Amino acid sequence: MKHARAVLLPLGLLAAPLQVPAQDSHIILPIPDLEARLRDGPLQVVDWRGSRAEGDRTQRVVLMYEDSTILAVKWARAAPGAAAFNNEPRYEVAAYELQKLFLGPDEYVVPPTILRAVPRDWLREYDETALATFDGTSSVLVVLQYWLFNVTNEKFWDEDRFRQDSVYARHLANMNVLTYLIRHADENVGNFLIGLDSARPRLFSVDNGVAFRSDPSNRGTAWRNLQVDRLPHATVARLRAITRDDLDRALGVLATFGITGGMLIPMGPSPNLDERRGVRRNDEYVQLGLTRSEIDDVHERLRELLERIDSGRIRTF
């Protein structure tokens, strides 16, 4: 794995134009390209710092690739066992994958988010407290999420604007559908962001670890409910097309790693090892996904949402 010592990099450089077509001012590369780079690209670190301040649980890490592309990511190391309050890697990835069932890439409200295993000894060059995620291995699971630019957390929710600005209303409604389906339960400042482009005000949910069957945070849980009273026609049509099998395929297995020489090695599509558990392990594999009961919850919330639409309690536009 290629790497370099962390150095301070001016923030302005991170937003510099690249020699590729941008998706928009927030997401600078096509989604498949970003997913591939985060999942498989060499980790050449050029900057490492706390997401909000020194000592944060998550870091803002800047990566450079062989073609000189520079990406910033939110880096979140899993807790031992890969499950802890406000540190549930499978919930972060499940939120990202679930949106794909009813939103197009240019509508995503969760930025590209992947689960990756890195060598513990390599990671300790940047994070000296890093521990292997699972006993008997020497790898650390981390969640990498593309770092958004040209966004703010100020006035992301504006009731007057929702009534008057149909573009804003569409983006906010799409975000709220996702937060409702995943039962988002953490209103911490910075978890929800809005784009600075007033003509295309995209909304984002960038911290989704307190969701699904997680205990709620003490920062508020309003966005696990529907805050809006109308939804876009196109979004509703896609929601109607989602089946229970679709949810199983998208959420049942989110990542599988083989155990080879004590290292976690990413595997391709794999059968569900145990749908009763979210973190699954045997002598050969580690796997993360939503449990059968957690997927049941999502399906039930989807059914209830469609019933509210059909009854007229939620309108479409």
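**Section: the overall build of the protein**
Thought 1: Looking only at helices and strands, the protein features 9 helices and 14 strands.
Thought 2: Its C-alpha radius of gyration of 19 Å places the protein within 12% of the 20 Å reference for a compact globule of 317 residues.
Thought 3: In the protein, which comprises 317 residues, the share counted as buried stands at 51%.
Thought 4: Here the contacts in the protein between residues at least 6 apart in sequence split such that 72% fall between residues at least 24 apart.
Thought 5: For the protein, the accessible surface area stands at approximately 14200 Å², while carbon and sulfur atoms represent 49% of it.
Thought 6: For the protein, the separation between the mean place of its 40 positive charges and that of its 44 negative charges on side chains is 1 Å.

**Here we look at the side chain of N188**
Thought 1: Tracing the backbone shows N188 in the loop between helix 6 (166-182) and strand 7 (192-195).
Thought 2: Polar contacts involving the side chain of N188 include one to the side chain of R219, which spans 2.4 Å.
Thought 3: Residues contacting N188, with those up to four places away along its chain left out, are R52 and R219.

**Description of the packing of helix 8 (residues 244-251) against helix 9 (residues 292-310)**
Thought 1: Closest axis-to-axis distance for the helix 8/helix 9 pair is 10 Å, and the angle between their directions is 130°. It follows from the interaxial angle that helix 8 and helix 9 lie oblique. Crossing hand, helix 8 versus helix 9: right-handed. For the pair formed by helix 8 and helix 9, the contact residues are R244, L247, D248 and L251 on the first element and R292, I295, D296, V298 and H299 on the second.
Thought 2: Split into classes, the residues belonging to the contact of helix 8 with helix 9 amount to 4 nonpolar, 1 polar and 4 charged.

**Focus: empty space enclosed by the protein**
Thought 1: Under the definition given, this model contains 2 cavities of 30 Å³ or more.
Thought 2: Here the largest cavity defines a volume of roughly 60 Å³.
Thought 3: Lining the largest cavity are R57, T58, K74, A76, N86, N87, E88, P89, E92 and V143.
Thought 4: Residue assignment for the lining of the largest cavity shows that the elements contributing at least two residues are strand 3 (70-77) and helix 3 (89-99).
Thought 5: Taken together, the residues of the lining of the largest cavity break down into 3 nonpolar, 3 polar and 4 charged.

**A word on the nonpolar core**
Thought 1: One finds W75, L141, L231, L239 and L305 to be the most contacted residues of the largest nonpolar core, which totals 88 residues.
Thought 2: Broken down by element, this core gets its largest block of residues, 10 residues, from helix 6.
Thought 3: For L231, the contacting residues outside a window of four places in its chain are A173, V177, V236, L305, I309, I314, R315, T316 and F317.
Thought 4: Counting residues in each nonpolar core, the second largest holds 5 residues, with V46, V62, A72 and F149 among its members.

**With respect to the sheet that holds strand 7**
Thought 1: The strand order across the open sheet formed by 3 strands is 6-7-8, and the pairing between neighbours is antiparallel. Only two strands of the sheet have a single neighbouring strand rather than two, namely strand 6 (151-152) and strand 8 (203-205).
Thought 2: Across 3 bridges, the pairing between strand 7 and strand 8 is antiparallel. What sits directly across from F192, in strand 8, is S205.
Thought 3: In this fold helix 6 packs onto strand 7 and strand 8, with an angle of close to 15° to the strand it touches most, strand 8.

Procedures and definitions
- Residues numbered from 1 in each chain as written.
- Predicted model: local features only at pLDDT ≥ 70, side-chain atom pairs only at ≥ 80, totals over all residues.
- Heavy atoms only, no water.
- Helix = DSSP H or I, 4+ residues; strand = E, 2+ residues; numbered from the N terminus.
- Rg over C-alpha atoms; globule rule 2.2 N^0.38 Å.
- Buried < 20%, exposed > 50% of the residue type's maximum accessible area, 1.4 Å probe, protein only.
- Contact = heavy atoms within 4.5 Å.
- Areas by Shrake-Rupley, 256 points an atom, 1.4 Å probe, with all protein chains shown as cover.
- Lys, Arg positive; Asp, Glu negative; His and termini not counted.
- Charge placed at Lys NZ, Arg CZ, Asp CG, Glu CD.
- Polar contact = N/O pair within 3.5 Å; in protein donor to acceptor, adjacent residues only side chain to side chain.
- Axes fitted to C-alpha atoms, helices over the stretch in contact; angles between N-to-C directions.
- Parallel < 35°, antiparallel > 145°, perpendicular 65-115°, else oblique.
- Left-handed = near helix turned anticlockwise from the far one by under 90°.
- Nonpolar A, V, L, I, M, F, W, Y, C, P; charged D, E, K, R; others polar.
- 1 Å grid on protein atoms, 1.4 Å probe; cavity = no way out; pocket = protein on both sides within 12 Å on 5 of 7 lines; lining within 4 Å.
- Points joined across faces, edges and corners; volume = space filled by probe spheres on them.
- Core = buried A, V, L, I, M, F, W, Y, C linked by side-chain atoms within 4.5 Å.
- Pairing = 2+ DSSP bridges.

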